Amino acid sequence: MKRAVNIVVAGAILLALLGYMVTYTVRFNEAAIVTTFGNAGESSVINGPGEQDAGLHFKWPWPISQVARKYDTRLQVSENILEQQQLADNQTITLNTYIAWRISDPLKFYKRVGSRGAALEALNLRMQDARSAVGQYTFDQLTNSDPNQLMLDELEQELKRRIELELAQLDNGITVEDVGVKRLMLPAGVSEIVVARMRSERTRMAEEYRAVGQERSQTLRQEAESQRQLIESFAQSAATEIEAEGRRRAGEILARFAANEDFAIYLLQLQALEETLSRRTTFIIDTSMPPFNLLRGIPQPETQTQPPESSADADGGN
């Protein structure tokens, strides 16, 4: 029984070793290079760009076939170390750049580059050579707040163009997708000078804006004062005219009232009575007080009648 168990275990181990020797897996983001007797051809690329061949695969056992390499075909980003560059205006800056690249041809990459480490080294060398283009620009062109004067995008395109030109000559299966400037700084000693100059420039601009604002404010105040005086003059003139008209009409009314004082008093009492009784209010009043005396009836003015003179008296007077 023990011997049978040992045979089963040994068979399982043998099958596992055999499976390991004749099978391999490729992930969806990988491309594998499977060599035959150490040689690689077009058929050696498994799950290359544009292919959907990931998963479990079979091969001949070593030394006939061997999975020589597996490459990540996704986009990869390589950063360069910080280096000082001199610009066209003799300004020194510290520059940090990056390269976004991918393996577009795994077979050429395997034959002419080999490993990812070798690819990074080659790309860094190409970037260092391409950085000479930085010397064609000035500091203001790379750090300007005005989009029309900023030429950072143009610099990045020039760096990419130079690197692509060298890679095209090497034809090593690497495609550069993007090249950019990650960080642009000034050396410590230069930074203090530049910051002081920028502070002075900003102070000067602030003074200019402040002077323009004060001048504008003074102009607005003068315009507002002129408008105020004009409105006051117009209002005063209109008020004088209205007051004169009121006095004239009051004089006319007083002259009419003076002709018949009793009738004027009667009208004023009647008006006061109308205004008082227009409200829904209960009054306990003395009807002998004006203007409530009108409620008892309008008094008739006393008239003195004189007998007509007789003709005899008239004649007698003659």
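As the structure is a prediction and not an experimental result, all values here were calculated from the model. All residue numbers refer to positions counted from 1 along the written sequence of the respective chain. Per-residue local features are limited, in this predicted model, to residues with pLDDT of at least 70; the limit for side-chain atom pairs, both in listing and counting, is 80 or more; totals at the level of whole chains, interfaces and linings are taken over all residues. As a rule here, side-chain values come from all non-hydrogen atoms in the structure, and water together with hydrogens is ignored.

1. Structural notes on the overall build of the protein chain
On a plain count of helices and strands, the protein chain comes out with eight helices and nine strands. Taken over 318 residues, the protein chain has a buried fraction of 24%. To be clear on the numbers: accessible area is Shrake-Rupley with a 1.4 Å probe, and residue cover counts the displayed protein chains and nothing else. Accessible area of the protein chain: about 23100 Å², with a carbon and sulfur share of 54%. In this description a helix means any DSSP run of H or I spanning at least four residues, a strand means any run of E spanning at least two, and both kinds are numbered starting from the N terminus. Throughout this description, buried means an accessible area under 20% of the type-specific maximum (1.4 Å probe, protein chains only), exposed means over 50%, and partly exposed covers the range between.

2. Structural notes on the nonpolar core
Among buried residues, the Ala, Val, Leu, Ile, Met, Phe, Trp, Tyr and Cys ones that are joined through side-chain atoms within 4.5 Å form a nonpolar core. With 32 residues, the main nonpolar core has I93, I99, W101, L142, L155 and I163 as its most contacted residues. Elements that contribute at least two residues to this core include exactly β8 (92-103), α2 (106-112), α3 (116-130), α4 (139-142), α5 (152-170) and β9 (174-185).

3. Considerations on α5
A helix is expected to reach a length of 1.5 Å times the quantity of its residues less one. For α5, spanning 19 residues, the distance from its first C-alpha to its last is 28 Å, which sits close to the expected 27 Å at 1.5 Å a residue. For α5, every residue scored as buried is listed here: L152, L155, E156, E158, L159, K160, I163 and L167. In this description, contact between two residues means that some pair of their heavy atoms is separated by no more than 4.5 Å. Looking at the buried residues of α5, the elements they touch are β8, α3, α4 and β9.

4. Examining the sheet that holds strand β5 (residues 65-72)
Pairing between two strands is assigned when DSSP locates at least 2 bridges connecting them. In spatial order, the strands read β3-β2-β5; together these three strands make up an open sheet with antiparallel pairing. Looking at the sheet topology across the chains shown, the edges are occupied by β3 (45-46) and β5.

5. Re the pairing of strand β6 (residues 76-79)
Covered by surrounding structure in β6 are Q76 and S78 only, the residues V77 and E79 on the alternate face being uncovered. Pairing between β6 and β8: four bridges, direction antiparallel. Across the sheet, the residue bridging to Q76 is W101, located in β8.

6. Points about a nonpolar patch on the surface
A cluster of nonpolar side chains, namely M1, V5, V9 and I13, defines an oily patch on the protein surface of about 430 Å² accessible area. Inspection of the secondary structure assignment puts V5 in helix α1 (residues 2-22). Residue classification places V5 among the partly exposed residues on the basis of a relative accessible area of 43%. Two joining distances apply to patches: 9 Å for like charges and 5 Å for nonpolar side chains (Val, Leu, Ile, Met, Phe, Trp, Tyr), and every residue must have over 30% relative accessible area and no salt bridge. A pairing counts as a salt bridge when a side-chain nitrogen of Lys or Arg comes within 4 Å of a carboxyl oxygen of Asp or Glu.

7. Thoughts on the confidence of the model for the protein chain
Mean pLDDT for the protein chain: 81, with 83% of residues reaching 70 or above. Scored below 50 in pLDDT, residues 303-318 shows zero contacts in the model against residues more than four places distant or in partner chains. As a per-residue quantity, pLDDT reports the predictor's confidence and falls between 0 and 100.

8. Here we look at the pairing of β8
Counting buried positions along β8 gives nine out of twelve residues, so the element sits mostly inside the fold. Examined bridge by bridge, strand β7 (residues 83-86) and β8 share four bridges and lie antiparallel to one another. Paired with Q85 across the two strands is I93, which belongs to β8. Between the end of β7 and the start of β8, which pair antiparallel, lie five residues, with N90 showing a positive phi angle near 65°. Bridge count for β8 against β9 is ten bridges, and the pairing is antiparallel. By the bridge assignment for β9, N96 is matched with R183.

9. Quick look at the side chain of S78
If you trace the backbone, S78 turns up in strand β6. Here S78 falls in the buried class, since its relative accessible area comes to 7%. Ignoring sequence-local partners within four residues, the contact set of S78 consists of T97, Y98, I99, W101, L120 and N124.

10. A short note on the packing of aromatic side chains
Put simply, two rings from Phe, Tyr or Trp (the six-membered ring, in Trp's case) pair if the centres are within 6.5 Å, and we call them stacked under 30 degrees between planes, edge-to-face over 60, tilted for the rest. One pass over the structure, following the stated rule, counts one aromatic pair. For the ring pair Y71 and F109, a centre distance of 4.9 Å and an interplane angle of 80° mean the geometry is edge-to-face. In this pair, Y71 sits in strand β5 while F109 sits in helix α2, placing the two residues 38 residues apart along the sequence. F109 shares its class with Y71; the two are buried.

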